[in-house]
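Observations on chain architecture
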Amino acid sequence: MLEAGQNFAHFKIERKLGEGGMGAVYLAEDQKLRRKVAIKTLTGDMFDNAERLERFYREAKTAAQVSNAYVTAIYDIGKAPDAETGEETDYIVMEYVKGRSLADYIKDEKPELQRLVTLAEKIATGVAAAHKLNIVHRDIKPDNILIDENHDPKILDFGLAKPLDPILFSKAADSTESISQDLTRAGKIMGTVSYMSPEQVKGENVDTRSDIFSFGILLYRMATGEMPFASPTQVETMAKILESSFEPPRGKNENIPPELERVITKCLQKDREDRYQSSRDLVLDLRNLRRQYDSGVSDTISGITQSIPARKKSFTLQLRGGAVAVVILAIVAIWYFGSQSDGSGGQGGLQAQTNALAILGFENKTGENDLDWLETGLPEILLTDLSQASELQIISQQRILDCFEVDKKNSHTHEECIDAAKTLGATRLLSGAYFKLGDQIRIDARLEDVNTGTIILGEKVVGDDPFVLVDSLTKKIATSLNLQGDMQGVSVFASASPEAYKRYHLGMEKFWAGEHDAAVALFNQALAIDSSFALAYMRIGMSNVFNGKQTEGAKYFKLAQQYQDGLPVRDRSLLDAYVDTWVNQNFDHAFTKIEVLLGNYSNDAEIRTIYALFIDAFKRDTVASFAQMDTVLATYPTFPFTLSTYAQILATHNNYERAIEVTRKLVEVTPDAVASKRQLAGYYLASDREDEAMEMYRELHRAHPENAEVIENLIRFHLSHHEPAMARVYVEKLKATAPDDPYNLYDYYTYLTQVAYWEGKFLPPLEYGQRRIELAEATGDANLLFNAYNNMASVHLRLGHPDSVLHYGEIGDRKGSANQKLAYPVLAVSIDAGMQDKVRPMFKQAIDDFKSRVPKDFWSMVDALDGMFEGFATADTTAILTAYEDLLAQANANSSEDRFRCGELMVRFGWYDKAAVLFEDLVSGENETSNGWRHILSIYWLGVIADETGDKAEAIGRFENVLALWPKVDVEVKEMQDLRERLARLQS
């Protein structure tokens with residue numbers, strides 16, 4: 001027992017703060033560093049042998065690595081003699097937090113739900129910081145959480161945590177055991193029973209998901225004021241935790257929003273496999289909910305609305321050439337749409353009306369497989385024709401099928417289809433079959449009343465042209481429904497050739513499944529038959545854009561415009577909006593046109609999904625975007641384009657758990673598509689489920705060895721894991737997939753550059769950069785040209801060649817597209833402030849041009865660039881760094897290059913703390929970079945920060961780490977020269 005005023009080691013005890021199962025806690029003054037600390041002395045009988053004590057020290061040292069604003073820091077651990085008894089006493093020195101327990105805070109302050117959600121988010125953030133180091137707290141409860149004077153939480157007692165990495169244990173120790181289990185065997189229950197997870201109660205091994213269960217209990221109590229498994233005795237409590245369900249939180253507090261109840265319920269699943277698999281995903285959902293409160297949207301559309309900050313690195317679908325420093329905002333819409341590799345079907349009703357017609361498939365009775373396409377093709381043509389009738393609501397075949405379970409989609413009866421049509425509000429049902437009569441086709445159709453079963457129309461049409469037959473059939477259906485006034489000039493389909501339309505129809509199946517190369521091949525077959533087929537041109541344009549070939553895509557959009565007079569109004573209007581997006585890059589006009597289109601075609605699933613993308617990209621209203629997605633999926637749950645888009649935006653906002661859930665559904669819908677499986681594997685990888693990701697990638701590579709996108713995924717995986725030799729193997733395989741394709745070769749040299757940087761080879765990228773320029777010139781692609789020249793400028797910047805930087809940057813500016821004109825002026829003044837007079841006029845013009853074509857919600861990005869330009873021009877350090885911070889806060893401009901450059905400047909200007917955060921994030925955080933140059937030099941800069949702030953050991957460790965990664969470099973760049981000089985000084 002220590003007393004006030006007593007000296008203990010180099011601490012002076014001020015007073016006792018409390019006492020627990022492990023020992024007493026005292027407020028003390030650290031007489032070396034002159035700061036208040038909390039000292040926990042450890043009861044001697046807690047450690048009855050040296051092995052157990054040694055293991056405890058190991059675990060406590062691991063816990064000391066947790067660095068987070070919401071976790072009480074562990075400063076030191078050791079032993080010292082008690083001045084009175086002379087006995088050696090083990091102790092832990094911790095951060096002193098002046099505050100009160102979470103339980104007392106809630107009792108005294110009675111905070112509203114909004115404040116409780118904010119607190120919960122911060123507590124979960126602290127827990128996630130420990131989990132990132134594979135540390136489990138094992139005793140999450142209100143008494144172990146203090147609320148400080150700023151109303152922020154601080155989690156206590158991570159010193160009892162169990163590190164999951166077995167290398168932290170001695171060889172003699174069982175890596176599945178912990179100090180806590182030893183103490184339990186000694187008769188002491190570790191953790192508080194009412195907050196235990198089922199696996200803790202059963203004495204099983206625990207992992208981070210145990211803390212998630214305990215956090216769920218904590219959150220339940222915060223939201224309702226009660227315990228979910230409350231019982232009179234500990235034994236009964238443990239039994240309830242293992243076996244009993246809990247009353248839904250909203251039954252205790254009706255003000256709890258559905259989303260919060262969903263979060264709590266997910267945390268409290270008995271089976272750990274059903275809980276959040278990562279505390280990071282829990283943080284994201286709570287952050288999402290908190291932001292809904294902040295924006296005034298607390299009762300939200302569904303349990304899956306998201307509004308989460310900047311995206312982590314993604315290993316899914318990326319545009320060729322990658323992002324460009326500073327102005328990745330070049331074409332934000334291209335990133336969004338280019339990432340959407342999957343979809344299904346064009347038009348889909350969203351809410352059936354009283355006067356609604358359901359269209360079923362037409363059965364192939366010809367016996368010829370070559371005519372199978374008409375089973376879905378005929379309903380699509382009918383749908384397109386009949387949709388001209390403004391008062392008629394069309395319910396597509398796909399919507400009917402979506403009413404069935406997967407195993408019933410191909411085995412349903414006609415009566416079951418009628419029941420499904422009734423459920424969707426249909427009053428009429430159109431179905432039929434087609435036959436072969438010599439060289440002609442006969443279509444039998446019947447129109448029936450779904451309520452009475454009465455046949456309204458029975459019709460047979462015979463001929464050799466399906467379009468003429470459908471045209472005739474449409475007119476007769478229109479007459480029977482009294483729609484003839486709306487159906488003048490029925491033939492609206494965009495090709496005069498049934499054979500061309502067949503190829504287009506089959507191509508669209510591939511297009512929506514994300515198989516764009518296969519889709520383009522079929523569209524080209526359609527064009528070989530009908531060279532004026534505008535829709536085929538438009539879809540080839542979209543496929544090229546999705547594959548990163550923007551200039552090639554623009555060419556096909558322009559060809560589509562030449563023949564657009566033959567398009568239905570809907571498709572002509574959609575083409576107009578797409579041209580504004582990808583050809584003119586006038587996103588403001590495109591957004592307005594999509595909005596108008598949705599007003600005219602509110603039942604169109606493709607248009608509504610595109611509208612949702614625009615809302616997220618340009619309005620930055622993720623909640624509203626997901627509301628639009630929900631509207632589509634509510635009645636079209638298997639619409640692949642929406643599923644893929646939904647998952648991509650979820651991943652963009654770091655909600656990988658929900659993205660995985662949606663993409664699994666996508667894989668079910670498109671089981672033969674490589675793209676959907678790649679997308680799922682990418683989300684596994686981004687959410688640290690690497691084994692599952694690699695199993696999928698390797699399986700895909702075995703099944704599709706020539707698929708370049710799968711090979712690129714494997715390259716990026718090995719680069720991100722610092723395995724350049726393995727990456728190089730797949731880089732060579734990538735080249736072999738299309739050795740004559742300039743786009744493929746451009747990617748080949750891009751990846752060779754990355755491999756070279758990981759290997760410490762700085763000269764080869766000059767050669768690779770020149771080859772990329774030559775390949776980009778061969779394509780004439782403005783986006784590729786801009787990237788090629790600016791990447792070459794970056795290579796010269798790394799090598800310290802300012803004249804070459806400006807030379808290549810200026811060419812990139814000249815050859816790039818309109819939105820890329822913002823990059824060079826900022827680059828120029830950052831190299832030479834004297835160039836400001838020359839480049840300022842072009843910079844101002846580029847800003848004005850950008851703002852004329854982009855919704856105003858997006859202008860803050862260029863405003864940040866404007867502030868950066870002026871900061872460089874006037875040598876205003878604060879202005880430069882403030883502008884950089886503003887840019888990094890933008891969701892679509894938060895590239896690893898920008899973070900790295902900002903960090904470099906911060907170090908040079910002495911902003912060490914902020915720079916350290918950026919570099920730590922690039923090395924091992926959510927924005928960890930697979931770029932070898934940026935990754936390794938981020939470690940170097942962390943060493944510089946440690947050196948400049950007097951942490952000698954840390955600096956030496958960082959510098960030696962760099963030398964281990966780059967044991968031999970081919971050019972002694974200035975950073976390596978500086979590193980060797982600093983290391984020699986520190987070690988002398």
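Structure: see above.
Structural notes, computed from the coordinates. Everything numeric in this text was worked out from a predicted model, so none of it was measured.

**Considerations on the packing of helix α38 (residues 896-908) against helix α39 (residues 912-924)**
- Running from N to C, α38 and α39 cross one another at 150°; their axes reach a closest spacing of 8 Å. Considered as vectors, α38 and α39 are oriented roughly antiparallel to each other. The element α38 and its partner α39 pack so that their crossing is left-handed. In contact with Ser896, Arg899, Phe900, Cys902, Gly903, Glu904, Met906 and Val907 of α38, α39 contributes Tyr912, Lys914, Ala915, Leu918, Phe919, Asp921 and Leu922.
- Of the residues belonging to the contact of α38 with α39, the class tally is nine nonpolar, two polar and four charged.

**Notes on the packing of helix α6 (residues 208-224) against helix α9 (residues 258-267)**
- Relative to each other, α6 and α9 sit at 145°, their axes nearing to 8 Å. For the crossing formed where α6 meets α9, the hand is left-handed. Note on element contacts: α9 touches α6 through Leu260, Val263, Ile264 and Cys267, opposite Ile212, Phe213, Phe215, Gly216, Leu219, Tyr220 and Ala223.

**Details of a negative patch on the surface**
- A surface patch of like charges, here negative, comprises Glu690, Asp691, Glu695 and Glu699.
- Mapped onto the elements of the fold, Glu695 is located in helix α27 (residues 690-703).

**Here's the deal with helix α3 (residues 113-132)**
- Its 20 residues place the ends of α3 28 Å apart at the C-alpha level, agreeing with the 28 Å of an ideal helix rising 1.5 Å per residue.
- Residue Asn134 follows α3 closely and has a positive phi angle near 60°.

**Regarding the sheet that holds strand β13 (residues 393-395)**
- Taken together, five strands build an open sheet; the order of strands is β13-β12-β14-β15-β16 and the sheet is mixed. Only two strands of the sheet have a single partner each, and these edge strands are β13 and β16 (455-463). Between one strand axis and the next, the sheet turns by 20° as a mean value, whatever way the strands run.
- With ten bridges joining them, strand β14 (residues 428-437) and strand β15 (residues 440-449) adopt antiparallel strand pairing.

**Section: the pattern of salt bridges**
- This model, assessed by the stated rule, comprises 63 salt bridges.
- Between Glu870 and Arg840 there is a salt bridge; the shortest N-O distance is 2.9 Å. Of this pair, Glu870 sits in helix α36 (residues 859-874) while Arg840 sits in helix α35 (residues 836-853), placing them 30 residues apart in sequence.
- Residue Glu870 is classed as partly exposed on the basis of its relative accessible area of 27%.
- We classify Arg840 as partly exposed; its relative accessible area is 21%.
- Overlapping salt bridges, with partners in common, bring together Lys202, Glu204, Asp207, Arg209, Arg272 and Glu273 in one network.

**Topic: the sheet that holds strand β7 (residues 99-101)**
- Reading across from one edge, β7-β9-β10 is the order of the three strands in this open sheet, with antiparallel pairing throughout. The open sheet has two free edges, formed respectively by β7 and β10 (153-155), since each of these has just one partner strand. Neighbour-to-neighbour, the strand axes of this sheet turn through a mean angle of 35°, independent of strand direction.
- Judged from the three bridges that link them, strand β9 (residues 145-148) and β10 form a sheet pairing that is antiparallel. Across the sheet, the residue bridging to Ile145 is Ile155, located in β10.

Conventions used here
Residues numbered from 1 in each chain as written. Predicted model: local features only at pLDDT ≥ 70, side-chain atom pairs only at ≥ 80, totals over all residues. Heavy atoms only, no water. Axes fitted to C-alpha atoms, helices over the stretch in contact; angles between N-to-C directions. Helix = DSSP H or I, 4+ residues; strand = E, 2+ residues; numbered from the N terminus. Parallel < 35°, antiparallel > 145°, perpendicular 65-115°, else oblique. Left-handed = near helix turned anticlockwise from the far one by under 90°. Contact = heavy atoms within 4.5 Å. Nonpolar A, V, L, I, M, F, W, Y, C, P; charged D, E, K, R; others polar. Patch = residues over 30% accessible without salt bridge, like charges linked within 9 Å, V, L, I, M, F, W, Y side chains within 5 Å. Areas by Shrake-Rupley, 256 points an atom, 1.4 Å probe, with all protein chains shown as cover. Salt bridge = Lys/Arg side-chain N within 4 Å of Asp/Glu carboxyl O. Lys, Arg positive; Asp, Glu negative; His and termini not counted. Charge placed at Lys NZ, Arg CZ, Asp CG, Glu CD. Expected span 1.5 Å × (residues − 1). Pairing = 2+ DSSP bridges. Buried < 20%, exposed > 50% of the residue type's maximum accessible area, 1.4 Å probe, protein only.

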